[in-house]
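Breakdown of the fold
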Amino acid sequence: MIPDLGEEEAQAAAEAIRSGWVAQGPRVARFEQEFAAAVGAGHGVAVSSCTTGLHLALVLLDIKPGDEVIVPSLSFIATANAVRYVGATPVFADVELATGNVTVETVDAVRTERTRAVVAVHQGGVPFDTAALRKAADGWGVGLVEDAACAAGSTAYGAPAGTGARVAAWSFHPRKLITTGEGGMVTVDDAASATRLKRLREHGMNVSAADRHASKQPVLEAYLETAYNYRMTDIQAAVGLVQLGKLAGLVAQRRQLAARYQELLADIDGLVPVRDPAYGQTNYQSFWVLLDGFRASRDEVLTELAARGVSARRGIMAAHLEPAYADATPGPLPVTERITRESLILPLHHRLTETDQDHIIGVLRELATR
Ligand SMILES: *Cc1c(COP(=O)(O)O)cnc(C)c1O
């Protein structure tokens, strides 16, 4: 992933610096409004990363030590880590092969009477079945946090992937479609949750520092609860506003390149590329390919691609296989382990040309017939 950053972002950052207002201020407020509008949410609360956003989402849902929170193991490790930040226990659910996402069935299979919430991930940009999972979570009486780190520009049921979410967390890390260097956003529909989240990211203050500084009258703040400093800066938000304007174009370009990959891969035996699910569209944040009876092993493919100047990556990680989760005792996660061991992510970025794609496909075709 190569971020699409240019002169416009550099100018915007410079303007923020020249304005003298560099910490959370008017640009953050504008970025929150514009981002929330773009994903069909009532309110956006900018934070320092998606990871800190997930933490706040779990605090918002009042998740505590002793609670269990169901998460996919097949995700960036921050999804599971956020559960541990609130002292709760992450319980790993398996995923479905086609989307790499948890389903109602895989979540239900590991649900216990201690389950208080589910963190479902729109993995690599592929939306999970929002209608089915939101309805099931409501029926079970458990909270649903949507890890939408990769999902800016993805859709489900004809709307942006975050539309209708109880609470969703987004990432603006440079490995995602749009970036602020580091940064994240939490989106919610109701004003009370937004107010609480704003307090939680800013030391528990009842008046934001920005509002206090902007006021002509002296404002005395109060600290209502023990909270965090998870703020985004106005320099980051200035960059984010420019990036947000590029989102639709970036998604369109990625979808075009992905369609071309799919076409070229169609007659190579044993390689199954990710596709749109029936209920939505992926932004192709990650274009992953599953090896299904391919002639070479995943690592052989990665090695050969690297030798030919192509930086493909291993597939999505599985948290339960990492040392940090050695003490977890998950049930069987066969699909998770299959995807993490037998998939790879092909290069897809705004500078990828058709010539690059033809070269990559050529290497894969050679490996298939060797
Ligand atoms: C990238 C990512 C995160 C972490 O985002 P940061 O903004 O880097 O904290 C969390 N969850 C998933 C699924 C991700 O891909």
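Residues numbered from 1 in each chain as written. Predicted model: local features only at pLDDT ≥ 70, side-chain atom pairs only at ≥ 80, totals over all residues. Heavy atoms only, no water.

**As for the sheet that holds strand E13 (residues 313–314)**
One open sheet accounts for 4 strands, arranged E10-E12-E14-E13; its pairing is antiparallel. Two strands close off the open sheet at either side, each with one partner strand: strand E10 (271–273) and E13. Strands E10, strand E12 (287–291) and strand E14 (343–346) of the sheet are contacted by helix H9 (residues 234–265), whose axis makes an angle of about 20 degrees with E12. (Pairing = 2+ DSSP bridges. Helix = DSSP H or I, 4+ residues; strand = E, 2+ residues; numbered from the N terminus. Contact = heavy atoms within 4.5 Å. Axes fitted to C-alpha atoms, helices over the stretch in contact; angles between N-to-C directions.)

**Re the UniProt feature "modified residue: N6-(pyridoxal phosphate)lysine" (unreviewed entry) in the chain**
Under the UniProt annotation, "modified residue: N6-(pyridoxal phosphate)lysine" (unreviewed entry) lies at Lys176. Structurally, Lys176 is set in the loop between strand E8 (167–171) and strand E9 (184–188). Given a relative accessible area of 16%, Lys176 falls into the buried group. Setting aside its immediate chain neighbours within four residues, Lys176 contacts Met1, Ala149, Cys150, Ser171 and Gln285. (UniProt positions renumbered as here; feature names shortened; annotations may be inferred. Buried < 20%, exposed > 50% of the residue type's maximum accessible area, 1.4 Å probe, protein only.)

**Some thoughts on the packing of aromatic side chains**
For the structure on display, the rule yields 9 aromatic pairs. On the basis of an interplanar angle of 75 degrees and a centroid distance of 5.2 Å, the ring pair of Phe35 and Trp170 is categorised as edge-to-face. Here Phe35 is found in helix H2 (residues 26–38), whereas its partner Trp170 is found in strand E8, with 135 residues between them in sequence. For the pair Phe35 and Phe172, a centre-to-centre distance of 5.3 Å together with 85 degrees between the ring planes defines the contact as edge-to-face. (Phe/Tyr/Trp six-rings, centres within 6.5 Å; stacked < 30°, edge-to-face > 60°.)

**What about empty space enclosed by the protein?**
Enumeration according to the criterion identifies 2 cavities of 30 Å³ or more in this entry. Space inside the largest cavity adds up to approximately 50 Å³. Lining the largest cavity are 13 residues, and of these Ala149, Ala152, Ser171, Lys176 and Leu177 lie nearest its centre. The residue inventory of the lining of the largest cavity, partitioned by class, reads 9 nonpolar, 3 polar and 1 charged. One number sums up the size of the second largest cavity: a volume of about 40 Å³. Every residue along the wall of the second largest cavity is listed here: Met1, Ile2, Pro3, Asp4, Leu177, Leu250, Arg254 and His350. Tallied by class, residues from the lining of the second largest cavity come to 5 nonpolar, 1 polar and 2 charged. (1 Å grid on protein atoms, 1.4 Å probe; cavity = no way out; pocket = protein on both sides within 12 Å on 5 of 7 lines; lining within 4 Å. Points joined across faces, edges and corners; volume = space filled by probe spheres on them. Nonpolar A, V, L, I, M, F, W, Y, C, P; charged D, E, K, R; others polar.)

**Comments concerning the pairing of E8**
Taken across its 5 residues, E8 has 5 buried, putting it largely inside the fold. Residue alternation in E8 divides its side chains into two sets, Val167, Ala169 and Ser171 and Ala168 and Trp170, and both sets are buried. Taken together, the 3 bridges between strand E5 (residues 143–147) and E8 define a ladder with parallel strand orientation. Within the sheet, the bridge partner assigned to Asp147 lies in E8 and is Ala169.

**A word on the layout of surface pockets**
Reported here for the largest pocket is a volume of approximately 770 Å³. At the level of secondary structure, the elements contributing two or more residues to the lining of the largest pocket comprise helix H3 (50–60), helix H4 (78–85), E13 and E14. No other element matches the 3 residues that H3 contributes to the lining of the largest pocket. Looking at the lining of the largest pocket residue by residue, the classes come out as 15 nonpolar, 14 polar and 7 charged. The residue makeup of the lining of the largest pocket includes at least three contributed by each of domain 1 (7–245) and domain 2 (247–368). Space inside the second largest pocket adds up to approximately 460 Å³. Lining the second largest pocket are 24 residues, and of these Glu32, Lys198, Arg201, Ser208 and Asp211 sit closest to its centre. When contributions to the lining of the second largest pocket are tallied by element, the ones reaching two or more residues are H2, strand E1 (43–47), helix H7 (191–201) and helix H8 (209–214). With 6 residues, the top contributor of residues to the lining of the second largest pocket is H2. (Domains from an automatic or database assignment.)

**A closer look at the sheet that holds strand E6 (residues 155–156)**
By definition, the strands of a sheet pair up through backbone hydrogen bonds, in either a parallel or an antiparallel sense. Pairing is antiparallel in the open sheet, where 3 strands are placed in the order E7-E6-E11. The strands lining the two open edges of the sheet, one partner per strand, are strand E7 (159–160) and strand E11 (280–281). Of the strand pairs in this sheet, E6 and E11 are connected by 2 bridges, and their pairing is antiparallel. Its bridge partner being in E11, Ala156 is matched across the sheet by Gly280.

**Notes on helix H1 (residues 7–19)**
With 13 residues, H1 should reach 18 Å at 1.5 Å per residue; the first-to-last C-alpha distance of 18 Å fits that figure. When we look at burial in H1, the residues that qualify are Glu9, Ala12, Ala13 and Ala16. Angularly, the buried residues of H1 cover 95 degrees about the axis, an arc narrow enough to put them on a single face. Exposed and facing more than 90 degrees away from the buried side of H1 are Glu7 and Arg18. Its buried side turned inward, H1 meets H2 and H9. (Expected span 1.5 Å × (residues − 1). Arc of directions from axis to C-beta.)

**Observations concerning the site of the ligand**
Not every one of the 15 residues close to the ligand is listed here, only the nearest: Cys50, Thr51, Asp147, Ser171 and Lys176. Contact between the ligand and Asp147: a nitrogen atom at 2.8 Å from a side-chain N or O atom of the residue. Interatomic distance of 2.6 Å between a side-chain N/O atom of Lys176 and an oxygen atom of the ligand. For the ligand, the cavity whose grid points lie within 2 Å of the majority of its atoms is the largest pocket. Secondary-structure elements contributing two or more residues to the shell around the ligand are H3 and H4. (Near = heavy atom within 4 Å. Polar contact = N/O pair within 3.5 Å; in protein donor to acceptor, adjacent residues only side chain to side chain. Sits in = over half its atoms within 2 Å of the grid points.)

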